[in-house]
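# Chain and residue survey
Residues per chain, in single letters:
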Amino acid sequence: MRIGSRWSGACGVAALLVLALVGSLGCAPIWSPTAKGPGPHPLASIQITASGLDDWGWASYEALGGVWHFTRQGDELNQVWMRRWPKSQVVKGTNRSIRDDMTLQEIAALSLDSRRLDDGVARLEVVSNEPARVGNRDCYRIDYRHRNDIGLLKRTVEYGCPVGTWMYRFEYMAPAQYYFDAYLREFEAFVRSVAFKVPGA
Amino acid sequence: MSARESGSRHRIRESGGRRAGAILLLGLAVLGTAMGCARVPLAPLDAQQSTASLADDEAYLWKQTRETQFEIESSGLVLEDPAMDAYLARVLARVTPSSLVEAGVTPRVQVISDVAMHGYSFANGVIYLHVGLLARMTDETQLATVLTRELAHVIHRHALVLRRDAKGRADAMAWIGVGSSLSSYGGGAKMLAQAYSISTAVMLPQDLEVKADEEGLGLLSAAGYDVKATPDFFQMTLDYRKELHQQGPLAWMPYVAPPFVTGRITNYRQLLGTRFSGGNRVEPPIADPATFRRNVHPATRRQAELELAAGVFRSAERTAKLATESDPSDAQAWVLLGRALQGQRDKPMNGYEVPSIHRVREAYEHALELDPRDAAATRELGLSYYRKTSRVRAPEASRAALAHFRRYLALAPGATDEAYIRGYVEELEAEGRGRSSR
């Protein structure tokens, strides 16, 4: 009883949070489809431009700080994510963030650690991990296989680029069988076309 | 054990969200417990109440349990090591009462590769122990303490009690699932949340936990383990939680707050002062602490890797040290120790001494003494010279880094990080040429 009363305040707070959560879910959608003109397309919320993926569905999640999502035949078959976050932000699943003195290899390792701690990315097997150039910036490129939560073998290519105070990440994910190879070239061309528009960086 | 003595594995990115999320989940769990009204007692599993006569809802719970276990066990989350698994199975067999076997239950223990300190059981007698829990146990009696508590839950069918007792709890549990998916990331987190919802991992009503304390101690005593040291185990879980929280904003949110663990310690002390006041007969063979630590060495090493990945470098140092003690010939344990020390150099903590670069290198050099062809130790030693410890890299540091990187490339041709290392080699060679031309 004593313990229960001690936490009754927490129950109240929890109830309020639940109400707030439900309330907020009922508001505006957090994503919106994006119409495209001729390229290069501005991905204004993350301060880049890129060309390609013209036949894909585009959506941006402005409420999440401008995360861009692309799919051609649905998320299960192919998806591309273009996003960025402040380097000072803690990388998910860890209590680490990106320091300016980190090498690209260390940043790539941190990204892999984050994936491995995410038990949705089980049996992660790195195919390659190497330095790359994107938009005239030094970046890393990781290619890895993993199984998702229903055991499907997926393959992901991830580019990571530190630009000023931001960490950019561009990802392509598809089932390893057929779909990965089918659209990888389009993704690579899209990433090659990226131009960073971050002032002062 | 239930989540009371454990941190959950779910994490939220930002500290504000973490705090709110922790309060939300904690509140919901408490709310769930509070909703538990009068329960219909269930007969314990034994020869009379066997698995041959499961009620429909119990049979369904078992089916759900098997499906969830299949998903988890085929997902790559299970840490498999034949020797460790055999040892755990032997201890489990020793503490399992014959009545449970006569009921048709075949208890089994699996080690889950998860950084959070946790252990729980399912209705069908399967017990999951996270590496985070095994890594910090000091002896076999602590292992037996957890196993007997979980067996008590299984015998008294607490997962089913929880299911039948549900009503509002079902909603609360659903919200815990929602909370976990919001708070953290992928499908696997949901997978474990699903496991939590049909196991003893979540808050059980207080009377069930008290029952498990008492029955568990009874089983521990009957198996010939010393019951007197049991409170120390729960204190260890509290100490670990405190250790983690001193290392920054990582939020391994507890489903149950430390006061409940404190409550359990009090309960155990009461039991030891009453029903078990005379102690019990301790019957060998019981592995001595050093043998126990050696038996669970793979879990300790894995936990050090996970703590490193999570960036809790002081904990990683402590766990890696335990691994170097439990198997001093394991070169990888020394590499992990070096990386944990380097991590503290990269991310110094206020109020704690920053390890010297010499300690870092000593750990890698020790690994290389054990295995001169250890590629990881060679690379890490190279990196320890390559990283600048001041504005300019000393010529001797450049030379040492270059030598280690070249050796690494020879030891590990085709390594996934080969391109980076070749880049460092080119940079260091250019640096050397520049120095000699001046």
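My aim in this report is to walk through the structure given alongside it, one point at a time.

Thresholds, definitions, all that
- Residues numbered from 1 in each chain as written.
- Chains lettered and ligands numbered in written order.
- Predicted model: local features only at pLDDT ≥ 70, side-chain atom pairs only at ≥ 80, totals over all residues.
- Heavy atoms only, no water.
- Salt bridge = Lys/Arg side-chain N within 4 Å of Asp/Glu carboxyl O.
- Helix = DSSP H or I, 4+ residues; strand = E, 2+ residues; numbered from the N terminus.
- Axes fitted to C-alpha atoms, helices over the stretch in contact; angles between N-to-C directions.
- Parallel < 35°, antiparallel > 145°, perpendicular 65-115°, else oblique.
- Left-handed = near helix turned anticlockwise from the far one by under 90°.
- Contact = heavy atoms within 4.5 Å.
- Nonpolar A, V, L, I, M, F, W, Y, C, P; charged D, E, K, R; others polar.
- 1 Å grid on protein atoms, 1.4 Å probe; cavity = no way out; pocket = protein on both sides within 12 Å on 5 of 7 lines; lining within 4 Å.
- Points joined across faces, edges and corners; volume = space filled by probe spheres on them.
- Disulfide = S-S within 2.5 Å.
- Buried < 20%, exposed > 50% of the residue type's maximum accessible area, 1.4 Å probe, protein only.
- Expected span 1.5 Å × (residues − 1).
- Pairing = 2+ DSSP bridges.
- Core = buried A, V, L, I, M, F, W, Y, C linked by side-chain atoms within 4.5 Å.
- Domains from an automatic or database assignment.
- Arc of directions from axis to C-beta.

All names here are of chain B. Scanning the model with the defined rule gives 41 salt bridges over all chains in all. Asp-226 is the salt-bridge partner of Lys-228, the closest N and O atoms lying 3.4 Å from each other. For Lys-321, the salt bridge identified is with Glu-317, shortest N-O distance 3.1 Å. With Lys-321 and Glu-317 both in helix 15 (residues 313-326), this residue pair falls 4 residues apart, about one helical turn.

What follows covers the packing of helix 17 (residues 357-370) of chain B against helix 18 (residues 375-386) of chain B. Any two packed helices are characterised by the angle at which their axes cross and by the distance between the axes. All names here are of chain B. In the contact formed by helix 17 and helix 18, the axes pass within 9 Å of each other and the chain directions differ by 160°. Considering the angle they form, helix 17 stands roughly antiparallel to helix 18. As helix 17 runs across helix 18, the sense of the crossing is left-handed. Each of Ile-357, Arg-361, Tyr-364, Glu-365, Ala-367 and Leu-368 in helix 17 lies in contact with helix 18, whose residues at this interface are Ala-377, Thr-378, Glu-380, Leu-381, Ser-384 and Tyr-385. Of the residues that constitute the contact of helix 17 with helix 18, the class distribution is 7 nonpolar, 2 polar and 3 charged.

For the rest of this paragraph, the subject is empty space enclosed by the protein. Scanning the model with the defined rule gives 5 cavities of 30 Å³ or more in all. Across the lining of the second largest cavity, the residue classes tally to 6 nonpolar, 3 polar and 3 charged.

With that out of the way, let us pick up the state of the cysteines. All names here are of chain A. Considering all chains together, one arrives at 1 disulfide over all chains under this definition. A sulfur-sulfur separation of 2.2 Å characterises the disulfide bridge that pairs Cys-139 with Cys-161. A torsion of 110° about the S-S bond marks the disulfide between Cys-139 and Cys-161 as right-handed. One end of the pair, Cys-139, is in strand 8 (residues 137-147); the other, Cys-161, is in strand 9 (residues 153-163), with 22 residues separating them in the sequence. Accessibility assignment for this pair places Cys-139 and Cys-161 in one class, buried.

So, on to helix 3 (residues 104-117) of chain A. Residues and elements named next belong to chain A. Helix length check: helix 3 (14 residues) gives 20 Å between terminal C-alpha atoms against 20 Å at 1.5 Å per residue, within 8%. Across the 14 residues that make up helix 3, a large majority, 12, are buried. Here helix 3 has its buried residues at Leu-104, Gln-105, Glu-106, Ile-107, Ala-108, Leu-110, Ser-111, Leu-112, Asp-113, Ser-114, Arg-115 and Leu-117.

A separate point is the sheet that holds strand 3 (residues 126-130) of chain B. Residue and element names in this part refer to chain B. An order of 1-3-2 is seen for the 3 strands of this open sheet, with the pairing classed as mixed. What marks the edges here is a single partner per strand, and that holds for strand 1 (108-112) and strand 2 (119-121). Each adjacent strand pair in this sheet contributes to an overall mean axis angle of 20°, direction not counted. Looking at chain direction, strand 1 and strand 3 are connected through 5 bridges and run parallel. Residue pairing in the sheet places Val-109 in a bridge with Ile-127 of strand 3.

Quick look at the nonpolar core now. Among the nonpolar cores identified, the biggest contains 77 residues, and Leu-129, Leu-134, Leu-143 and Leu-147 of chain B are the most heavily contacted of them. Counting residues per element, this core draws most heavily on helix 6 (residues 140-155) of chain B, which supplies 7 residues. Residue assignment places this core across two domains, with domain 1 (3-273) and domain 2 (297-437) of chain B each supplying three or more. Those residues in contact with Leu-147 of chain B, other than ones at most four positions away along the chain, are Val-91, Leu-92, Val-95, Val-109, Ile-127 and Leu-129 of chain B. In terms of nonpolar packing, the next biggest core, distinct from the first, is built from 55 residues, Met-102 of chain A together with Ala-331, Val-335 and Leu-341 of chain B among them.

Attention now moves to unusual backbone geometry. Here the amide bond leading from Pro-284 of chain B into Pro-285 of chain B is cis, since omega sits at 5°, within 30 degrees of zero. The topology assignment puts Pro-285 of chain B in the loop between helix 12 (258-273) and helix 13 (289-295). Here the phi dihedral of Leu-53 of chain A falls at roughly 50°; this positive angle occurs in a residue that is not glycine. Relative to the helices and strands, Leu-53 of chain A resides in the loop between strand 3 (48-50) and strand 4 (57-61). Note on Leu-53 of chain A: relative accessible area 3%, which makes it buried.

Residue and element names in this part refer to chain B. With 14 residues, helix 17 should cover 20 Å at 1.5 Å per step; its first-to-last C-alpha distance of 20 Å lies within 8% of that length. Those residues of helix 17 that fall on the buried side of the exposure criterion are Ile-357, Val-360, Arg-361, Ala-363, Tyr-364, Ala-367 and Leu-368. Along the axis of helix 17, the buried residues cluster in a sector spanning 150°; they form a single face. In helix 17, the exposed residues that point more than 90 degrees away from the buried face are His-358, Glu-362 and Glu-369. Buried residues along helix 17 sit against helix 16 (331-346) and helix 18.

Interaxial distance between helix 3 of chain A and helix 20 (residues 418-437) of chain B falls to 10 Å at its minimum, and their mutual angle equals 160°. Taken together, the axes of helix 3 of chain A and helix 20 of chain B are roughly antiparallel relative to one another. As for how helix 3 of chain A packs across helix 20 of chain B, the hand of that crossing is left-handed. Counting all contacts with helix 3 of chain A, which are made through Leu-104, Gln-105 and Ala-108 of chain A, the residues of helix 20 of chain B involved are Tyr-420, Ile-421 and Tyr-424 of chain B. Among the residues forming the contact of helix 3 of chain A with helix 20 of chain B, the class breakdown is 5 nonpolar, 1 polar and no charged.

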